[in-house]
Amino acid sequence: MLCLGAWGAQASDMDRVSAADPSEDSRTRYYRDWLASVEHLMLDVEYEAFLRLAGDGQRELFLRRFWQARSDQPEGWRNRARERWRRHTEEARRQFGGLESDRARAILLAGKPDQVMALRGCAGRARALEIWSFSPWQLETPEDAAAGFRLLFFLDEEASPPAFRQWSPEDGLGILLRGAPRPAVEDEGAGEGSGGVGRMLATLGAKNCFDFDPQQALIVESALRHALGPAALFHRIRPPIPDPAWLDELAADIEGGAIPALDGSLQLELQGNLNGRAVVKGEVMIPADRIARSPGDHLFDRLVVAGDVWSKGLLVDDFRIEHHLAGNRPQSGAVGLELYRVLAPGNYTFSVRVEDAEGFGIARAVRELVIPELATGGDGRERADVGRVEAGGELARLTARSVAVQTAFPSIELLLSAGSELGGPVVGRTDLRAVTTGGVAAVELLLDSEVVARIEQPPFATRVDFGRLPRRRSLAAVAWDDSGREVARDELVVNGGPHRFAVRLVEPVASAGGPAAGWRARAVVEVPDLRKLERVELFLDETLLATLHQPPFLHPLPAVERRDATFVRAVATLDNGDVREDLVLLTAAGEVDEIDVRAVELYTSVVDPNDRFITGLRPSAFEVFEDGRAQELTRFSAVDRLPIHVALLLDVSGSMAERLEIATASALRFFETVLDPARDRAALLTFNHAVRLRVPFTNDIERLRYGVLDLAAWQATRLYDGVIHASHYFGGIEGKRALVLLSDGEDMGSRFLFKQVLETALRAGVAVYPIAVDLVDPLTRRRLRQLAKETGGSFFSVDRVAQLDEIYRRLEAELRSQYLLVYQAAERRSDRFRTVEVRVAGDLEARTIRGYFP
């Protein structure tokens, strides 16, 4: 029986875990490493309770309850405390090779810093320094406070080996100097009002120790005055203390019997290759008499398979799969529960648990797995093969003949070249590669439904020209077997934007026929930036088969004849409740026509002859025409009640140097004035010779305020590139999208032309509002005015940045005074540009987009 005792004091020096013993086995080493990684989270009473546990079963139960006690969502599968610990642990080990150093411990507590400033120091005077800056929204614990903070590390060259130590103001400034420090610096400490900080900066500057600009000098001064030491950081960042009652519950469960182990119940095998990683199929066999009824004597209809995958003492994967068994109650034999994971070559330990719908543990199993490296052909290219383990457990190469035996399922995955990321615009000639398994004889690659290549032997790779304009394009790879039958398909949307949310079923293939046994469903999900995927549900007709929370979203389908099933459906749900789904018909006798229904949204401003915005109009006041044909409105709303996404694209090229300070201050007032945090979102992008996303879409004014700090004006004015990238960033955003462009110069050196900028903005459905500051170039003025008019925005011109506040007020009035007109687009196959016109009665003028690309 565990005894709680009194609450112990939290150790701050992380010295409770003993050093590694070379003779200890892998599981002992894993538990020792885990204790070291959670030292900042664990109370003494928890540590002592863990040491009293006997056997892996009790320890595994402790680990699970440990994270449950720290979860802010006790009823959900996601444990953010555990996710945060995993990210921080991986980052600390990646950067510093372990968890023992001061910098690694800082990452365990606070995570990766937003900015690191490294100062090399100088011989005989100053030590090398690192200043870590943490922004307020970056921190994830509930008690982060409103402001960010900084940490200061100095290189301790007297240590063996030399190492960076975290500095605290209590250490004094003298410790940051080499050799005999000056008394004026040594005797005076850091902190508010300290004169020692100023004298130290002046001394180091005079000795040319540090070469930093005035802005960097402010960062150094702030760190010397306000940096958090180890104790202050710990007390500021440490998550809330959990209720110790969980240890009592754990003790009761252990007394009642831990989850029984089922030796040999977990089988693992390699089934294929996806992009250099092995597809691992697992199956847990559970005796029927263990799951017929839960402790509450309820019929079971769901079993949960949850597990962790470990490698070299590090958690590399965790998963939760809910098998919905539709109320079946097998009376004898066993129930097989399958799982799929995708892992790189290496040595792994699978720890798997099975629970019923009440959360009661049914069985657990632990299994070791070795995934060999992939074989390569004589040409040096990596084959789509998987490895296997020969006698003795040594890594082996798998021959092409053996591949056909182990890769039972045909599959295909379409990959862009490493230099092309779906998160950014893809243009020009780009390499494509299709990775296949399971008897694929040929691959066809399609761009926007047109075949661009057919490849009949590996490697299935080619190069496709996406054109000079970053348009949204659809890619598909179709796999064929020797008999000419389609056996697998994969699809990608290129230039869909970082906010696109979609799910697609790549298996099974619609109406492909084939055997009823051994088929499966596989879904691929595109998750928008700043969102998390909550779950993917897989259905056969209306029967829910499985709920999966992590990729791969792969699940076997029951052995029924395809003629007895109508469709397979995948439903993806985000953490904010947004839902997308995809459906594959299985019984269609011939080709199925897909009807693409498009609702056209027109955000429209109405002004009188004095250019005043008119509100309060009814739908009957508007007439809408597409290509000259009248359209019937299906929806009508006032925009003042709808959410708005607005991005500010700020020119930070060299010509803005004298205007930047006032421009950024005015930009903050714009965010504070226009943004309604309850419904609106704003983003900040900057451009000079490059385009940079400073703040993603957010409703946090403080985050936007932080984003305009430390901006510097320099380099060229690539205006058109900035508009192209900003328009692409809106991809996937629904509703009103407004791009506010603030610049003072003509374009210099952009890779895109103005006509491409105009088409990209129209395709993205973004209304552009250029604000020209003291812009004298007549061609640039005409183009910006045209860009605003054709996208449904407005053009503004000011002689000096002090007039920006008035412009922003005008812009806010326009954004809040618009109407949303929606009509059903005429059904036509052509993707040519369609013109749009909105008319209003009397002497009023309606302003909206000139047209759109379907």
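Scroll up to find the structure this text is about.
Below you will find a few notes about this structure. (Residues numbered from 1 in each chain as written. Predicted model: local features only at pLDDT ≥ 70, side-chain atom pairs only at ≥ 80, totals over all residues. Heavy atoms only, no water.)

**Quick notes on the overall build of the chain**
Threshold: Numbering goes from the N terminus for both helices and strands, where a helix is a DSSP run of H or I of at least four residues and a strand is a run of E of at least two. Buried means the residue's accessible area, taken with a 1.4 Å probe over protein chains only, is under 20% of the maximum for its type, while exposed means over 50%, and partly exposed covers the values in between. Any two residues whose heavy atoms approach within 4.5 Å are treated as being in contact. Residue-level accessible areas treat just the shown protein chains as cover; the underlying method is Shrake-Rupley with a 1.4 Å probe.
Within the chain, the secondary structure is distributed over 18 helices and 39 strands. The proportion of buried residues among the 854 residues of the chain is 53%. Of the contacts made within the chain by residues no fewer than 6 positions apart, 67% connect residues no fewer than 24 positions apart. Total accessible area computed for the chain in this model is approximately 39400 Å², and 48% of it derives from carbon and sulfur atoms.

**Concerning the sheet that holds strand S30 (residues 644-651)**
Which entries qualify depends on this criterion: Note on pairing: DSSP must find at least two bridges between two strands before they are called paired. Angles shown run from 0 to 180 degrees and are taken between the N-to-C directions of axes, each axis being a line fitted to C-alpha atoms and, for helices, limited to the stretch in contact.
A sheet is described by the order of its strands in space; here 6 strands give the open sequence S32-S31-S30-S33-S34-S35, paired in mixed fashion. Looking along the sheet, the strands with just one partner apiece sit at the ends: strand S32 (691-698) and strand S35 (796-798). Strand-to-strand twist in this sheet, taken as the mean axis angle between neighbours without regard to direction, amounts to 15 degrees. Here 5 bridges tie strand S31 (residues 681-687) to S32, and the two strands are oriented antiparallel to one another. From the neighbouring strand, Leu-684 faces S32, where its bridge partner is Val-695. Relative to strand S34 (residues 767-773), helix H17 (residues 778-791) is tilted by about 155 degrees, and along the sheet it contacts strand S33 (736-743), S34 and S35.

**Overview of unusual backbone geometry**
Cis rather than trans, the peptide bond between Ser-160 and Pro-161 has omega equal to -5 degrees. Here Pro-161 is to be found in the loop between strand S3 (149-156) and strand S4 (163-166). Cis geometry marks the peptide bond from Pro-458 to Pro-459; its omega dihedral reads -5 degrees. Non-glycine residue Asp-448 carries a positive phi angle of around 50 degrees. Along the chain, the position of Asp-448 falls in the loop between strand S14 (442-447) and strand S15 (450-455). Overall, Asp-448 belongs to the partly exposed group, its relative accessible area being 29%. A positive phi angle, close to 65 degrees, is found at Asp-611, a residue other than glycine.

**Things to note about the sheet that holds strand S18 (residues 486-494)**
The 4 strands lie next to each other as S15-S14-S17-S18, forming an open sheet whose pairing is antiparallel. Single-partner strands in this sheet number two, and they are S15 and S18. Direction aside, neighbouring strands of the sheet carry axes that sit 20 degrees apart on average. With 8 bridges joining them, strand S17 (residues 473-480) and S18 adopt antiparallel strand pairing. Note on S18: the bridge partner recorded for Arg-473 is Val-494.

**A short note on the environment of Gln-550**
Threshold: Under the rule applied, a polar contact is a pair of N or O atoms within 3.5 Å (in protein, one hydrogen donor and one hydrogen acceptor; residues adjacent in sequence only if both atoms are side-chain atoms).
Within the secondary structure, Gln-550 is located in the loop between strand S22 (543-548) and strand S23 (553-556). Considering only alpha carbons, one finds Gln-550 and Phe-319, 231 residues apart in sequence, at a separation of 6.1 Å. A distance of 3.0 Å separates a polar atom in the side chain of Gln-550 from the backbone nitrogen of Arg-320.

**Some thoughts on the packing of helix H2 (residues 44-51) against helix H3 (residues 55-68)**
Defined as follows: Any angle between 65 and 115 degrees counts as roughly perpendicular, while under 35 counts as roughly parallel, over 145 as roughly antiparallel, and the rest as oblique. Crossing handedness is read from the near helix: turned anticlockwise from the far helix by less than a right angle, it gives a left-handed crossing, and turned clockwise, a right-handed one.
Relative to each other, H2 and H3 sit at 160 degrees, their axes nearing to 10 Å. On the basis of their axis angle, the class for H2 and H3 is roughly antiparallel. The handedness of the crossing between H2 and H3 comes out as right-handed. Residues Glu-46, Ala-49 and Phe-50 of H2 pack against Arg-59, Phe-62, Leu-63 and Phe-66 of H3.

**A short note on the packing of aromatic side chains**
Stated precisely, the cut-off is as follows: The criterion for an aromatic pair is that two Phe, Tyr or Trp rings (for Trp, the six-membered ring) have centres within 6.5 Å, with stacked assigned to planes under 30 degrees apart, edge-to-face to planes over 60 apart and tilted to the rest. Only when the NZ atom of a Lys or the CZ atom of an Arg is both within 6 Å of the ring centre and within 35 degrees of the ring normal do we say a charge sits over the ring.
Scanning the entire structure with this criterion turns up 22 aromatic pairs. A centroid spacing of 6.0 Å and a plane angle of 35 degrees characterise the contact between Trp-34 and Phe-50, whose relative ring orientation is tilted. Of the two residues, Trp-34 sits in helix H1 (residues 26-37) while Phe-50 sits in helix H2, which places them 16 residues apart along the sequence. In terms of burial, Trp-34 and Phe-50 fall into one category: buried. Both rings, one in Phe-697 and one in Tyr-729, keep their centres 5.1 Å apart while their planes meet at 15 degrees; by these two values the pair is stacked. With a gap of 32 residues between them, Phe-697 in strand S32 and Tyr-729 in helix H15 (residues 719-729) connect regions that are remote in the sequence. With relative accessibility at 7%, the residue Tyr-729 sits in the buried group. Three or more aromatic residues link up through ring pairs in this structure, and these residues are Tyr-31, Trp-34, Phe-50, Phe-62, Phe-66, Trp-67, Trp-85 and Trp-246. Sitting over the ring of Phe-539, Arg-569 keeps its end group 4.3 Å from the ring centre.

**A closer look at helix H16 (residues 754-764)**
Counting buried residues along H16, 8 of its 11 residues qualify, which places the element largely inside the surrounding structure. Contacts made by the buried residues of H16 are with H15, S33, S34, H17 and strand S39 (851-852). Positioned one or two residues after H16, Gly-765 has a phi angle of 70 degrees, which is positive.

**Quick look at H15**
Of all 11 residues in H15, 10 are buried; the element is thus mostly enclosed. Those residues of H15 that sit buried are Leu-719, Tyr-720, Asp-721, Gly-722, Val-723, Ile-724, Ala-726, Ser-727, His-728 and Tyr-729.

**Examining the nonpolar core**
Threshold: Residues belong to one nonpolar core when they are buried, are Ala, Val, Leu, Ile, Met, Phe, Trp, Tyr or Cys, and are joined through side-chain atoms within 4.5 Å.
Counting 48 residues, the largest nonpolar core has Val-280, Ile-286, Phe-350, Ile-371, Leu-505 and Val-525 as its most contacted members. For Leu-505, the contacting residues outside a window of four places in its chain are Ala-521, Arg-522, Ala-523, Leu-538, Val-568, Arg-569, Ala-570, Asp-582, Leu-583 and Val-584. One finds Ala-663, Leu-711, Ala-738 and Leu-815 within the second-largest nonpolar core, a separate group that totals 41 residues.

**Description of the environment of Leu-574**
Counting through the fold element by element, Leu-574 comes out in strand S24 (residues 567-574). Spatially, the C-alpha atom of Leu-574 lies 4.9 Å from that of Glu-534, the residues being 40 residues apart in sequence.

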